[in-house]
Amino acid sequence: MTLSVDSRISTLLLRLASIAASIGVLVGAVVLVGGWGFGVEDLTVLVPGMPAMVPGTAAGLMLTGTSLGLLCPASPSPLRRGLGRVCAALASLLGVLVVADYVFHQRWLDGLFVWLTPLGAGPRLPSPQTALCFILLGLALVLLDVETPRGRRPAQYLALTVALLSWTALIGYGTGASQLHTLPGLPAGIGMALHTCTAFFVLSLGTLGARPTHGLMRTLTGTHAGSVMVRRLLPPLLLGPYVVGHLSLLGTRAGLYSSSTAFALVTGMLTFMGLPFLWSASRRLNHAGLALEEAWRTEALQRAWLMSIIEQMPDGVLILDEQGHILVANAAAKSLCVSDSDGVDAFGNRFLFELRRPSGEPLPWEEVPFVRAVTRGELEAGVELSLWTRDGRSVPVLVSATPIQGRQGTPGGAVSIFRDITPLKELERQREEWTSVVAHDLRQPVSVIALALDALRNDTPEGPPAGQQEPLQWIDTSVGNLRRMIEDLLDASRIEARQLRLERQPVSLTEHVHACVRRMEGQARGRPIRVTAPDEALTLGDPLRIDQVITNLLSNAVKYGTPQTPIEVEVTRLEEGLRVSVTNEGPGIPPEQLPQLFRRFHRTPGSHKQAAGIGLGLYICKGLVEAHGGRLWATSTPGRRTTFCFSLPELERAGPSSLASSRTH
């Protein structure tokens, strides 16, 4: 869980970081130009008798301030970032050279600023503390945007070290402890000047404020109780001991009390100064604890309310964690499991669910919807399956599974719902039975009409009068349409009930395609039908049913294609079997309509204006092809071409692949 950040505090810190950068550049420029360039000694030494800010220090402060100013934006441009890091690296290099001068006594930097400091004007080399601050602060700016895998920023720890060194020197100036800003054993005048340690302290705080929403600074800029407490306690904790200690030191120097009395006063004052802050922190923590308890109570109430809803749902509900372990299973889900005690599944759950396909074929474990949701993060919605219960019943169910997103987008488990559709299946069975009965019963009146029509035509040897020819033809056409609709309804019922019978025998797809095309020539309305097929393409199937599929696809191509455009029929031998495709040019089918084409009674919007029908042709074709072990699908480019394809298993190959023959009908 990450802490939220107070945008006002972070904006304020960014502005203070820019101001700190400007202060660093300004102090360095004023001392370098005014103090050393024009010889104004008061600018180089603020406190008489104390160390002066040498030209190297002033130049380093200008580099450091410039670097901070360039890197201040949260997302600086590549050019600004590069220039800022170069300035920071130069400041660190300056500190390294100063330390090397002290170690090897080479005076490498003396000649760099000799034009500003005449011989005998005092030391020109920054102090070791100053060099260390340049090294640390330069590295902090170079590493400003570097973050460890655990979210830590090394730059902030380096900046805090510089703040500690400079604050210690400032305390030395305030208390008169010269050892804190001038190291013993060094030549006179070598130490951190007052404005040097002040500038370092300001720059270190600016470096911390440049990235207020990362690392340690997130605790300071957060909106929670701990962050507010830190913001309130930090200023008194920094200034309180210094003020109390300084006042006691002044009293001791003035002879008001002894050093032991001063120590007692400081101890007592610090103790009592800390009590109000401790009291305030305790009150805020108490409020936070009360708010947390209230949140826990609210969350527990909502959890109980949600669990009550889940438990009373009529659908089976499973909630699984990222490992696939079942966390929640309501009563409906438990009633659908095949076992809840013996054995475990691949996830280690004792609630075992035996899912099968609607045909009764066992469903592989990796294809179970909630397994796919947990292991692959795939969404499954409304998959029809059958579920075997502990009492041996086969329950038709619609299974849905939704993956749950965890922290930072990682998988967090899944929710699966089992909906018992037994009532819907019963209604569907009754509807199919009713459809079958109606279609079957319609055969008798249609047969009577057909017999009456034959009687009218054969009533006299010379046939019906001329005025009755056309009405009788209308009746004949309507009887044919009724018979086709009745057969479609019966076929649809057989397919749905899985009672379709096939008279399988070796079938030459090439011959059947050419035969169907020849029969369609009279209905093609002058449109050429081009056939491309190998000389031999055998499959095992029912010839009449295969002819029914090919004829239906050709009829659709004629009905819905653009007049005078060719229809292309192709038989192709593939590795997985034989493929027959029928292509026509025309208005095409919208992409969103393609998945609906093979549903019962589906009519594409606008198609009823072009051809009559009840929307069962493609549904029956799909059922016939799948009964042969094949597949039927469609592709379309709106406004250009539409192709219907079906595949069938190949029976055998007689010798090498023959050359394709091409004919036009």
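As the structure is a prediction and not an experimental result, all values here were calculated from the model.

1. Observations concerning the overall build of the protein
Part 1: On a plain count of helices and strands, the protein comes out with 17 helices and 14 strands.
Part 2: Within the protein, the proportion of its 665 residues that are buried is 39%.
Part 3: Here the analysis covers contacts within the protein between residues at least 6 apart in sequence; of these, 66% occur between residues at least 24 apart.

2. Things to note about the packing of helix α5 (residues 128-142) against helix α7 (residues 194-209)
Part 1: Between α5 and α7, the least distance of the axes is 11 Å, while the angle of their chain directions is 15°. Classified by the angle their axes make, α5 and α7 are roughly parallel. Our pair here, α5 against α7, has a crossing hand that is left-handed. Contacts from Thr130, Cys133, Phe134, Leu137, Ala140 and Leu141 of α5 reach α7 at Thr196, Phe200, Leu203, Ser204 and Thr207.
Part 2: Of the residues contributing to the contact of α5 with α7, the split by class is 7 nonpolar, 4 polar and no charged.

3. Some points on the side chain of glutamine 156
Part 1: By secondary structure assignment, the location of glutamine 156 is in helix α6 (residues 154-175).
Part 2: By relative accessible area, which is 4% here, glutamine 156 ends up buried.
Part 3: In terms of polar contacts, glutamine 156 uses its side chain to reach the backbone carbonyl oxygen of histidine 214, at 2.9 Å.
Part 4: Excluding anything up to four places from it in sequence, glutamine 156 contacts Leu208, Arg211, His214, Gly215, Leu216 and Met217.

4. A closer look at the packing of aromatic side chains
Part 1: Summed over all chains, the structure comprises 5 aromatic pairs.
Part 2: When the centroid spacing of 5.0 Å and the interplanar angle of 70° are considered together, the rings of phenylalanine 134 and phenylalanine 200 count as edge-to-face. Here phenylalanine 200 lies in helix α7 and phenylalanine 134 lies in helix α5, a separation of 66 residues in the sequence.
Part 3: Look at tryptophan 365 and phenylalanine 370: their rings are 6.1 Å apart centre to centre, the planes differ by 85°, and that puts the pair in the edge-to-face class.
Part 4: On the basis of relative accessible area, phenylalanine 370 is assigned to the buried category, the value being 4%.
Part 5: Chaining the aromatic ring pairs together yields one cluster made of Phe347, Trp365 and Phe370.
Part 6: Arginine 356 extends its terminal NZ or CZ atom over the ring of tryptophan 388, reaching a point 4.5 Å from the ring centre.
Part 7: Over the aromatic face of tryptophan 633 sits the side chain of arginine 631, whose NZ or CZ is 4.0 Å from the ring centroid.

5. Quick look at helix α15 (residues 509-520)
Each full turn of the α-helix corresponds to 3.6 residues, which orients residues three or four apart in the same direction.
Part 1: The end-to-end C-alpha separation of α15 is 16 Å, in line with the 16 Å expected for 12 residues at 1.5 Å each.
Part 2: Of all the positions in α15, only Leu509, Thr510, His512, Val513, His514, Cys516, Val517 and Met520 are classed as buried.

6. Quick look at the sheet that holds strand β5 (residues 394-405)
Part 1: As summarised here, the arrangement of the 6 strands in space is β2-β1-β6-β5-β4-β3, forming an open sheet in which the pairing is antiparallel. For this open sheet the edge positions go to β2 (326-329) and β3 (354-356), each flanked by a neighbour on one side alone. Geometrically, the sheet is characterised by an average inter-axis angle of 35° between neighbouring strands, direction not taken into account.
Part 2: Both strand β1 (residues 316-320) and strand β6 (residues 411-420) contribute to a ladder of 5 bridges, which runs antiparallel. Across the sheet, the residue bridging to isoleucine 319 is valine 415, located in β6.

7. Observations regarding the pairing of strand β10 (residues 567-574)
Strand residues, when the strand is regular, have side chains that alternate between the two faces of the sheet.
Part 1: Relative to β10, strand β8 (residues 529-534) runs parallel, the two being bridged by 4 bridges. Across the sheet, the residue bridging to arginine 530 is glutamate 568, located in β10.
Part 2: Two strands pair when backbone bridges link them, and β10 and strand β11 (residues 577-585) are joined in this way by 8 bridges, in the antiparallel orientation. Bridging across to β11, arginine 573 finds its partner in leucine 578.
Part 3: Adjacent in sequence and paired antiparallel, β10 and β11 are bridged by 2 residues.

8. Examining the nonpolar core
Note that soluble globular proteins tend to have their nonpolar side chains buried in a common cluster.
Part 1: Within the largest apolar cluster, 42 residues are counted, with the highest numbers of intra-cluster contacts made by Val513, Leu554, Leu597, Phe644 and Phe646.
Part 2: For this core, the secondary-structure elements that each account for two or more residues are α15, β8, α16 (543-560), β10, β11, α17 (617-627), β12 (631-637) and β13 (641-648).
Part 3: Considering every element that reaches this core, the biggest residue donor is α16, with 7 residues.
Part 4: The next biggest cluster of nonpolar side chains, apart from the first, holds 38 residues, and it includes Trp36, Ala58, Leu94 and Ala199.

9. Overview of the environment of asparagine 552
Part 1: Note on placement: asparagine 552 falls in helix α16.
Part 2: Here the alpha-carbon distance between asparagine 552 and cysteine 621, two residues 69 residues apart in the chain, equals 7.7 Å.
Part 3: Residues in contact with asparagine 552, not counting those within four places in the same chain, are Gly617, Leu618 and Cys621.

10. Let's talk about unusual backbone geometry
In terms of backbone geometry, most residues other than glycine have negative phi values and most peptide bonds are trans.
Part 1: For glutamine 564, which is not glycine, the phi torsion reads 70° and is therefore positive.
Part 2: Tracing the sequence through the fold places glutamine 564 in the loop between α16 and β10.

11. Thoughts on the pattern of salt bridges
Part 1: Evaluated as defined, the whole model comprises 19 salt bridges.
Part 2: Salt-bridge contacts for arginine 81 lead to aspartate 145; the nearest nitrogen and oxygen are separated by 4.0 Å. Of the two residues, arginine 81 is situated in helix α4 (residues 78-104) and aspartate 145 in the loop between α5 and α6; the sequence distance between them amounts to 64 residues.
Part 3: Owing to a relative accessible area of 24%, arginine 81 belongs among the partly exposed residues under this scheme.

12. Let's talk about the packing of helix α3 (residues 55-71) against α7
Part 1: Two numbers describe how α3 lies on α7: the axes approach to 11 Å, and their chain directions differ by 15°. In terms of their interaxial angle, α3 and α7 are classed as roughly parallel. Along this stretch, α3 crosses α7, giving a crossing that reads as left-handed. The segment α3 lies against α7, with Thr57, Leu61, Thr64, Gly65 and Leu68 engaging Thr196, Ala199, Phe200, Leu203, Gly206 and Thr207.
Part 2: Grouping the constituent residues of the contact of α3 with α7 by class yields 5 nonpolar, 6 polar and no charged.

13. What about α17?
Part 1: Every buried residue belonging to α17 is among Leu618, Tyr619, Ile620, Cys621, Gly623, Leu624 and Val625, and all of these are buried.
Part 2: Taken from the residues just after α17, glycine 629 is the one with a positive phi, measuring 85°.

14. Side note on the side chain of glutamate 380
Part 1: By the secondary structure assignment, glutamate 380 is in strand β4 (residues 380-388).
Part 2: Only 3.2 Å separates the side chain of glutamate 380 from the side chain of arginine 372, close enough to count as a polar contact.
Part 3: In this structure, glutamate 380 is in contact with Pro369, Arg372, Val399, Ser400 and Ala401, ignoring residues within four places of it in sequence.

15. Considerations on the environment of glutamine 323
Part 1: Examined against the element boundaries, glutamine 323 turns out to sit in the loop between β1 and β2.
Part 2: Setting aside residues no more than four positions away along its own chain, glutamine 323 makes contact with Phe347 and Val374.

16. Description of the confidence of the model for the protein
Part 1: Summarising the model, the protein shows a mean pLDDT of 81, and 85% of its residues fall at 70 or more.
Part 2: Element-level mean pLDDT values for the protein span from 41 in strand β14 (residues 660-664) up to 94 in α7.
Part 3: With pLDDT under 50 throughout, residues 654-665 is counted as low confidence; its partners more than four residues away or in other chains account for 31 contacts.

Cut-off values and rules
Residues numbered from 1 in each chain as written. Predicted model: local features only at pLDDT ≥ 70, side-chain atom pairs only at ≥ 80, totals over all residues. Heavy atoms only, no water. Helix = DSSP H or I, 4+ residues; strand = E, 2+ residues; numbered from the N terminus. Buried < 20%, exposed > 50% of the residue type's maximum accessible area, 1.4 Å probe, protein only. Contact = heavy atoms within 4.5 Å. Axes fitted to C-alpha atoms, helices over the stretch in contact; angles between N-to-C directions. Parallel < 35°, antiparallel > 145°, perpendicular 65-115°, else oblique. Left-handed = near helix turned anticlockwise from the far one by under 90°. Nonpolar A, V, L, I, M, F, W, Y, C, P; charged D, E, K, R; others polar. Polar contact = N/O pair within 3.5 Å; in protein donor to acceptor, adjacent residues only side chain to side chain. Phe/Tyr/Trp six-rings, centres within 6.5 Å; stacked < 30°, edge-to-face > 60°. Lys NZ or Arg CZ within 6 Å of the ring centre and 35° of its normal. Expected span 1.5 Å × (residues − 1). Pairing = 2+ DSSP bridges. Core = buried A, V, L, I, M, F, W, Y, C linked by side-chain atoms within 4.5 Å. Salt bridge = Lys/Arg side-chain N within 4 Å of Asp/Glu carboxyl O. pLDDT = per-residue confidence, 0-100.

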